[in-house]
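Chain residues, written in single-letter form:
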Amino acid sequence: PALVHDQFSVTAEPPPRVAAGLQGDLAEWLKRSAPGVEPTFCHFVLVDDFSGSGYTALREKNGLWSGKLHHVRKALDQLVVDGVAATGYTVDVVLYTASEAASRVLCAQLRAAGLKKWSLSVVQVIPDSQLVDPDSPFAELCRRYHDPVVDDKVKTEAASSTAALGFRDSRLPLVLSHNTPNNSVGVLWENTVDDPRSSKKFTPLFPRPARHKADRCPRHPTRSAFGRLSSTADVPPPSATTSRPRS
């Protein structure tokens, strides 16, 4: 069946008021197109632009799960309790770009978390063969020009003592149109020229804006079928109906 605007949300975790509005719109559409069908959402498609390691999407520590997909799972389970989602709903996670390593990790983590009805699709996989060789002269250059002021607590606690070769040593040679992932090697994005703590004052080719600053993202984020995994500080509040996804 065709998707309609009423099935799209700019957030993967819509608040109860928004979820109820989406369900109401769905009920009206079903009255016209499929009378008698229960107005509950049976399938969800979560869309995100990128995953470099899979760590921020889904992870487990000391028996406790965390990450964006874990929080989405809790939100969807609550929608079942609220009568908005159907029991036994299914989920497709779609990534525009991901490293081969992130794809492996996420598939394994979905199974380990018991998310048997969740699937992962990656439009553009960055193969392991395209990663920066850690023993190469270029990797040594990355370490030489790395500025340690970018090595914050989050990075070190995520088993990445330095961002010289990227978050969690992802070693990606990647720049996206809207930002440079911190999974990419540091010389591409480390911008410390205005940081008073820095002694290197490094200016990269592709500066990486801080994730939650207002100047990071465009005013119209990519829409997805009932979910966009990444949120930003300047994204307007979600509404019950949105325009179709941008191409």
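Each chain carries its own residue numbering, running from 1 in the direction its sequence is written. Local features are withheld for residues below a pLDDT of 70 in this predicted model, meaning they are given only at 70 or higher, and side-chain atom pairs are given and counted only at 80 or more; totals for whole chains, interfaces and linings count all residues. To obtain the side-chain values, all non-hydrogen atoms of the structure were included, while hydrogens and water were left out.

What follows covers unusual backbone geometry. Notably, Arg 168 is not glycine yet its phi reads approximately 55°, a positive angle. Structurally, the position occupied by Arg 168 is in the loop between α5 (153-157) and α6 (186-189). With relative accessibility at 32%, the residue Arg 168 sits in the partly exposed group. Its identity as a non-glycine residue notwithstanding, Lys 201 has a phi of 50°, on the positive side. Counting from the N terminus, the helices are the DSSP runs of H or I reaching at least four residues and the strands are the DSSP runs of E reaching at least two. Checked against the element boundaries, Lys 201 lands in the segment after α6. Taking relative accessible area as the criterion, Lys 201 reaches 35% and is therefore assigned partly exposed. Buried residues are those whose accessible area, probed at 1.4 Å on protein chains only, stays under 20% of the maximum for their type, while exposed residues exceed 50% and partly exposed ones sit between those limits.

Attention now goes to the confidence of the model for the chain. pLDDT gives the predictor's per-residue confidence on a scale running from 0 to 100. Confidence in the prediction of the chain, expressed as mean pLDDT, is 83, and 79% of residues score 70 or more. The contact definition used throughout considers only heavy atoms, calling two residues in contact when any of these lie within 4.5 Å. Contacts of residues 212-247 to residues separated by more than four positions or lying in other chains number 85 contacts, the stretch itself having pLDDT below 50.

Just to be clear on terms, a salt bridge is a Lys or Arg side-chain nitrogen sitting within 4 Å of an Asp or Glu carboxyl oxygen. One pass over the structure, following the stated rule, counts 6 salt bridges. Residue Asp 48 is joined to Lys 68 by a salt bridge in which the shortest nitrogen-to-oxygen separation is 2.9 Å. A residue pair is termed long-range when its members are at least 10 positions apart, and Asp 48 in strand β1 (residues 41-51) and Lys 68 in helix α2 (residues 68-81) qualify at 20 residues. In terms of burial, Asp 48 and Lys 68 fall into one category: buried. Of the charged contacts in the structure, one is a salt bridge between Glu 100 and Arg 104, with a shortest N-O distance of 3.5 Å. Residue Glu 100 and its partner Arg 104 are both found in helix α3 (residues 100-112); the two are separated by 4 residues, about one turn of the helix. Since its relative accessible area comes to 45%, Arg 104 is described here as partly exposed. Each of Glu 100, Arg 104 and Asp 128 takes part in a single network of salt bridges with overlapping partners.

Moving on to the nonpolar core. Residues enter a nonpolar core if they are buried and are Ala, Val, Leu, Ile, Met, Phe, Trp, Tyr or Cys, with the set joined through side-chain atoms within 4.5 Å. In this structure, Leu 46, Leu 69, Leu 76, Val 91 and Trp 118 are the most contacted members of the largest nonpolar core, which totals 29 residues. When contributions to this core are tallied by element, the ones reaching two or more residues are α1 (16-33), β1, α2, β4 (85-99), α3 and β5 (118-126). Ranked by residues supplied to this core, first place goes to β4 with 6 residues. Ranked by size, the runner-up nonpolar core spans 12 residues in total, among them Val 132, Val 149, Val 150 and Trp 189.

The subject of this paragraph is α3. Helices are assigned an expected span. That span is 1.5 Å times one less than the residue count. For α3, which comprises 13 residues, the first-to-last C-alpha distance of 18 Å matches the rise-based estimate of 18 Å (1.5 Å per residue) to within 8%. Where α3 is concerned, the buried positions are Ala 102, Ser 103, Leu 106, Gln 109 and Leu 110. Viewed along the axis of α3, the buried residues span an arc of 135°, placing them on a single side of the element. Turned more than 90 degrees off the buried face of α3, the exposed positions are Arg 111 and Ala 112. This arc corresponds to the set of directions leading from the helix axis out to the C-beta atoms.

Moving on: the pairing of β1. Burial of β1 is extensive: 8 of the 11 residues sit out of reach of the surface. By definition, two strands form a pair when at least two bridges between them are found by DSSP. As paired elements, β1 and β4 share 9 bridges and run parallel to each other. The residue bridging Ser 51 from the neighbouring strand is Ala 98, located in β4.

Below, the discussion takes up the pairing of β4. Judged from the 8 bridges that link them, β4 and β5 form a sheet pairing that is parallel. Pairing of Val 91 across the sheet is with Trp 118, part of β5.

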